[in-house]
Amino acid sequence: MQYALLLLFLVLAAVIALVFIIVYLSSAKSDDELKGMANPLQKRFWFLLILFVCLGIFAFITIPRSPYYLFAKEQPAKVVHVAAGQFFFTMSYKAINPDKPEGEMTIELPVNQLVEFRVTSLDVNHGFAIYSPSKQIVAQTQAMPGYVNVLRWKFKEPGTYTVHCLEYCGMAHQVMQTTFTVK
Amino acid sequence: MEAKGIKKNTAIWILAVLVLFVLSIILGIIMRLNQGGAVHLEPGTFYADMTVHGITMIGIWFVAGMAGVNFIMERYVKTSYWANTFALVMTVIGVVMLWVSTLIGDFHAGWTFLYPLPFKIAWSAWATPMFLWALAVLGVGWLVWVLSLMAALLKKYSISQVFAWQHFRNKNPEVETPPFVLISMVSLLGVLTCLIAAVVLLVLLFAEYYSHGTFVNDALLIKNLTYFFGHTIANEMLYLGLAIIYELFPEISGRPKWKTTWYVAIAWNLTLFFVLLAFFHHLYMDFVQPQGLQIVGQLASYLASLPSAGVTVFSVIVAVYRTKIKWSLSNLLFFIGIAGWVIGGVGAVIDATISNNFLLHNTLWVPAHFHSYNAMGNVLFSLGFFHWFSVEYSKRKGQERLSSLKLSFLLLGGIGFLAAFYVAGAESIPRRYSSYPVEFTSAKLLATLGAVFATVYLIAILLFFSSIFKRCLNMVLQRS
Ligand code: HEM
Ligand SMILES: [Cu+2]
């Protein structure tokens, strides 16, 4: 998906660059008699309308896919509690006591079944980003002190997943990570 | 005497911005080199570098926009020399405090200083209050400046005139509002709003700090406030640059002045509104945020880009297409800057889509798009103004040399530097990592490439620097 977005971006960027280059060249080649653009007001209207419709369609398709609505009607097969702290993740199948955070040694999750992560933080803001075995982000949420963010996901591919902190949290932010397996 | 004073102040602003810009680019290159493994900083030092790079860049391009707007505004209304000077003094004090707190005090909570990180002190204990007081100093200086410019406009134009409301219905109203006045006012009001948010934010943070934890803040509320301030100021500073372009682009190109029409008036009034709601996209991954606000965030992010793109970009294209223009370095910079701004905007719209943000949030895609419309957008707007100003008002005229060399280096360096960020973002590589875990196999190479291209960009900036700097320095040293 990320590469599709990169491609979309590159195509649009190239089109925009091309338009600017063509417009520039049309000016550089222009002689003294000023031709300009015919009917600019009308063109502007169409340009805006098309842009508006495209964005409208884009919003209409994407908003229902927002993570807040994912699997909202189903029951999770497994619940994992996550407490993030400087600079570690504690994960447990049971609720975590913030004064004595204790987690499981290893976490194993079922493939193709609904898993619910309940993510919070014990100190500052952290991120909870799940990376696939091929190191692409598949899902993420924030870990915020005083709040619990609920993330639901179905893992389609078995293997070892890595969690990285994706909200800057201080000196050792870059090494804050953990793993779990999906079978 | 005052107009002369403002001119001299503008030259001082330009000198200060250029010096700080070069230093901050060097800090940026050091970061990329560290991420690439070519140099080795302590992580804390890296993050202090990152913090001061971010806050300095935001600060200087904001004041660059303000200084340009203030200078041009003198054409329409009388502005206050004292407010301008006061802002200058406060900015210098604030910046010194920021650099001391980060580079000496080692404060490294990031330029967004997201609560409660500034209070988990992992640096000299004095550095946190110094950083926050530095922001207070800047805030006061800028508030006074913004209010004085708004007051100057409102002395001549009524509220409805300054927002060009009379243009909504009437094709040829008695009083015409120049586009420059309209866009300046829209931006100034936006800046005022986010500075007020910054004041509230600082008061809440100080309350917790000085009550030693008796008073405790709510993390979600503070995050909303932080991004209302941070996102909004970063956007409004672009609009300040656009106000200057509306005024100078036709003038430098030897074309008739642009007029405010009904669609320009409506578009900027809409922008004023939507841009204030777009910041919610910084909280998409906080699922506890009320869901309605998340949707508002996505729609407002889209809608904020429509009028500005539809009106500004189209105006520039209409002005140039098949029209003979006097091209010079300044209007070329404006033209390229608009393209860079729009392309960065596409990257932003992609990321402002909640379902995409789920995959891109806090990856290097974020610095990719905001560096696009800053380093290849807003910076070019201001450089265009600096160049025009320095040539227009200096005694040393003469042909501009090396223009195409400067522009080629700027484009090559800028595009390469940004491409390394975009690709890394698509590879899910996190932002704000001092070094990368080995599993991110392409991260180091991309960082090193970024550093190399950024150096090319720096060379272009140094070439601009030398000619603009000399002219502005002469202006400052001239006896009045
Ligand atoms: C060629 C010039 C520049 C270079 C080499 C550069 C480099 C960098 C690097 C390496 C980062 C850290 C990226 C990360 O998260 O890993 C960064 C962050 C940042 N840069 Fe730049 N940058 C440049 C120009 C600019 C400009 C013109 C602005 C103007 C606004 C800017 C504003 C920022 C901000 C706000 C951050 C975020 C800091 C934070 O995360 O706290 N940069 N830059
Ligand atoms: Cu963390």
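From a predicted model like this one, the values you see are computed outputs, not experimental measurements. Here the residue index of a chain counts from 1 through its sequence in written order. Here the convention is simple: chains get letters from A, ligands get numbers from 1, in the order in which they are written. Restriction of local features to residues with pLDDT of at least 70 applies here, the model being predicted, together with a cutoff of 80 or more for giving and counting side-chain atom pairs; totals for whole chains, interfaces and linings are based on all residues. With hydrogens and water excluded, all non-hydrogen atoms of the structure serve as input to the side-chain values.

Student: With reference to specific residues and values, describe the overall build of chain B.
Tutor: Along chain B, the regular secondary structure elements total 15 helices and zero strands. In this treatment the radius of gyration is a C-alpha quantity, and the globule benchmark scales as 2.2 Å times the residue count to the 0.38 power. The C-alpha atoms of chain B give 22 Å as radius of gyration, which agrees with the globular expectation for 480 residues (23 Å, within 12%). Expressed along its principal axes, the backbone C-alpha trace of chain B runs to roughly 60 × 45 × 45 Å. For chain B, the proportion of its 480 residues judged to be buried stands at 68%. Pairs at least 24 residues apart make up 81% of the contacts formed inside chain B by residues separated by at least 6 positions. Only the protein chains shown count as cover for residues, and all accessible areas are computed by the Shrake-Rupley method using a 1.4 Å probe. Just so you have it, chain B exposes about 16500 Å², and 70% of that area is on carbon and sulfur atoms. The charged-residue count follows a simple rule in which Lys and Arg add positive charge and Asp and Glu add negative charge, with His and chain termini not counted at all. To locate a charge, take NZ of a lysine, CZ of an arginine, CG of an aspartate or CD of a glutamate. Considering chain B, the positive charge centre built from 29 side chains and the negative charge centre built from 18 side chains are found 15 Å apart. By the criteria applied, helices consist of DSSP H or I runs no shorter than four residues and strands consist of E runs no shorter than two, each listed in order from the N terminus. Only protein chains enter the area calculation, which uses a 1.4 Å probe; residues under 20% of their type maximum are buried, those over 50% are exposed, and those in between are partly exposed. Two residues form a contact once any of their heavy atoms are found within 4.5 Å.

Student: Which residues make up the overall build of chain A, and what values go with them?
Tutor: For chain A, the helix and strand inventory stands at two helices and nine strands. Listed by position from the N terminus, the elements making up chain A come as α-α-β-β-β-β-β-β-β-β-β. Relative to the 2.2 N^0.38 estimate, which gives 16 Å for 183 residues, the radius of gyration of chain A is 24 Å and therefore markedly larger than a compact globule would have. Out of the 183 residues belonging to chain A, those deemed buried represent 46%. For chain A, the proportion of contacts with a sequence separation of at least 24, taken over those separated by at least 6, is 61%. Element-wise, carbon and sulfur atoms account for 65% of the exposed surface of chain A, whose accessible area totals about 9400 Å². Across chain A, the centroid of the 15 positively charged side chains sits 8 Å from that of the 12 negatively charged ones.

Student: Run through the packing of aromatic side chains, naming residues and quoting values.
Tutor: Two rings from Phe, Tyr or Trp (for Trp, the six-membered ring) form a pair when their centres are within 6.5 Å of each other. A pair whose planes differ by under 30 degrees is stacked, one over 60 is edge-to-face, and the rest are tilted. Counting across every chain of the model gives 60 aromatic pairs over all chains. For the pair Y81(B) and W82(B), a centre-to-centre distance of 4.9 Å together with 70° between the ring planes defines the contact as edge-to-face. Following the ring pairs from residue to residue traces out a cluster consisting of F20(A), Y24(A), Y239(B), Y246(B), F249(B), W258(B), W268(B), W327(B) and F335(B). The ring centre of Y93(A) lies 4.9 Å from the NZ or CZ of K78(A), which sits over that ring. Any Lys NZ or Arg CZ found within 6 Å of a ring centre and within 35 degrees of that ring's normal is scored as a charge over the ring. Here K135(A) stacks its cationic end above the ring of Y131(A), 5.1 Å away from the centre of that ring.

Student: Let's hear about helix α14 (residues 403–426) of chain B: which residues, and what values?
Tutor: Every α-helix winds through 3.6 residues per turn, so residues three or four apart in the chain are directed the same way. Helix length check: α14(B), at 24 residues, gives a terminal C-alpha distance of 34 Å against a target of 34 Å (1.5 Å per residue), a fit within 8%. Looking one or two residues beyond α14(B), the residue adopting positive phi is S428(B), at roughly 65°. Expected helix span is computed as 1.5 Å times (number of residues minus one).

Student: Go over the coordination of the iron atom of ligand 1 with me, naming the residues and quoting the values.
Tutor: The textbook angles at a metal center are 109.5 degrees for a tetrahedron of four donors and 90 or 180 degrees for an octahedron of six. All names here are of chain B. Metal sites are built from N, O and S donor atoms within 2.8 Å, or 3.2 Å for Na, K and Ca, and they leave out water, so they may look incomplete. For the iron atom of ligand 1, the protein coordination sphere consists of H53 (NE2) and H371 (NE2), at 2.0 Å. Classification of the site at the iron atom of ligand 1 rests on its six donor atoms, whose angles at the metal span 86 to 179°, yielding the label octahedral. One end of the pair, H53, is in helix α2 (residues 43–73); the other, H371, is in helix α13 (residues 365–392), with 318 residues separating them in the sequence. On the basis of relative accessibility, which here comes to 15%, the residue H371 falls in the buried class. In this scheme the shape depends on donor count and angles: four donors with every angle between 85 and 135 degrees give tetrahedral, four or six donors with opposite pairs above 155 degrees and others between 65 and 115 give square planar or octahedral in turn, and any other case is irregular.

Student: Could you give an account of the side chain of K135(A), with specific residues and numbers?
Tutor: Tracing the backbone through its elements, the reader meets K135(A) in the loop between β5 (126–131) and β6 (137–143). Accessibility expressed as a relative area gives 12% for K135(A), which makes it buried. For the purposes of these results, a polar contact is taken to be a pair of N or O atoms within 3.5 Å, where, inside protein, one atom must be able to donate a hydrogen and its partner to accept one; residues adjacent in sequence count only when each atom of the pair is a side-chain atom. For K135(A), the side chain forms a polar contact with the side chain of H164(A), separated by 2.9 Å. Not counting residues within four places of it along the chain, the set of residues in contact with K135(A) comprises T162(A), H164(A), E427(B), S428(B), E439(B) and F440(B).

Student: Help me get a handle on the packing of helix α4 (residues 127–156) of chain B against helix α7 (residues 179–210) of chain B, residues and values and all.
Tutor: Residues and elements named next belong to chain B. Packing of α4 against α7 brings their axes to within 9 Å, and their N-to-C directions diverge by 150°. Between α4 and α7, the crossing angle belongs to the class labelled roughly antiparallel. Helix-helix and strand crossings are classified by hand; for α4 and α7 the assignment is left-handed. Just so you know the grouping, Ala, Val, Leu, Ile, Met, Phe, Trp, Tyr, Cys and Pro go in nonpolar, Asp, Glu, Lys and Arg go in charged, and all remaining residues, Gly too, go in polar. Looking at side-chain class alone, the contact of α4 with α7 contains 26 nonpolar, two polar and no charged residues. Here, axes are lines fitted to C-alpha atoms. For helices the fit covers the stretch in contact, and angles between N-to-C directions go from 0 to 180 degrees. Roughly parallel covers angles under 35 degrees, roughly antiparallel covers those over 145, roughly perpendicular covers 65 to 115, and oblique covers all other angles. In a left-handed crossing the near helix is turned counterclockwise from the far helix by less than a right angle, and in a right-handed crossing that turn is clockwise.

Student: Describe the site of ligand 1, and please don't skip the residues or the numbers.
Tutor: All names here are of chain B. Around ligand 1 there are 25 residues in total, and Q35, H53, W111, H371 and R432 lie nearest to it. Contact distances for ligand 1 include 2.8 Å between a nitrogen atom and a side-chain N or O atom of H53. Between R432 and ligand 1, the recorded distance is 2.6 Å, taken from a side-chain N or O atom to an oxygen atom. Among the secondary structure elements, those contributing two or more residues to the shell around ligand 1 are α1 (2–36), α2, α13 and α15 (443–477). Top contributing element to the shell around ligand 1 by residue count: α1, with seven residues. Along the lines of polarity and charge, the residues of the shell around ligand 1 split into 15 nonpolar, seven polar and three charged. Whether a residue is near a molecule or strand is decided by its heavy atoms; if any one of them lies within 4 Å of it, the residue is near.

Student: So what's going on with the pattern of salt bridges? Which residues, and what values?
Tutor: All names here are of chain B. Only one rule defines a salt bridge in this text: a Lys or Arg side-chain nitrogen within 4 Å of an Asp or Glu carboxyl oxygen. Tallied over the entire structure, the rule returns ten salt bridges over all chains. The salt bridge involving R75 is made with E251; its shortest N-O contact spans 2.8 Å. Taken together, the positions of R75 in the loop between α2 and α3 (81–104) and E251 in helix α8 (residues 219–252) put the pair 176 residues apart, joining distant regions of the chain. Residues K223 and D286 are paired through a salt bridge, measuring 2.7 Å at the closest nitrogen-oxygen approach. Of the two residues, K223 sits in helix α8 while D286 sits in the loop between α9 (262–274) and α10 (291–320), which places them 63 residues apart along the sequence. Assessed through its relative accessible area of 0%, D286 is described here as buried. Each of R75, E247, E251 and K257 takes part in salt bridges that share partners, so that together they form one network.

Student: Can you explain the sheet that holds strand β3 (residues 108–109) of chain A? Please cite residues and give values.
Tutor: Residue and element names in this part refer to chain A. A pair of strands is labelled paired if DSSP reports no fewer than 2 bridges between them. Strand order in this open sheet of five strands is β3-β9-β8-β5-β6, and the pairing throughout is mixed. Two strands lie at the open edges of the sheet, namely β3 and β6, each paired on one side alone. Pairing geometry for β3 and strand β9 (residues 177–182), over two bridges, is parallel. Bridge pairing in β9 links L109 to V182.

Student: Tell me about the coordination of the copper ion (ligand 2), residues and numbers included.
Tutor: All names here are of chain A. Distances from the copper ion (ligand 2) to its protein donors, namely H126 (ND1), C165 (SG), C169 (SG) and M176 (SD), fall within the range 2.0 to 2.5 Å. Coordination at the copper ion (ligand 2) is tetrahedral: its four donor atoms span angles of 96 to 119° at the metal. We note that the donor set of the copper ion (ligand 2) lies within a single chain, spaced as H-x38-C-x3-C-x6-M. Taken individually, C165 and C169 each receive the classification buried, so the pair is uniform in this respect.

Student: Can you lay out the interface of chain B and chain A for me, pointing to particular residues and giving the numbers?
Tutor: Opposite the 83 residues of chain B that make contact, chain A presents 75 residues. Interface of chain B and chain A: buried area, both sides summed, is about 7300 Å²; carbon and sulfur atoms make up 70% of it. Counting every contact that joins chain B to chain A gives one salt bridge. When the shortest N-O distance is used, the salt bridge between K135(A) and E439(B) registers 3.5 Å. Two parts placed together each lose some accessible area under a 1.4 Å probe, and adding up what both lose gives the buried area.

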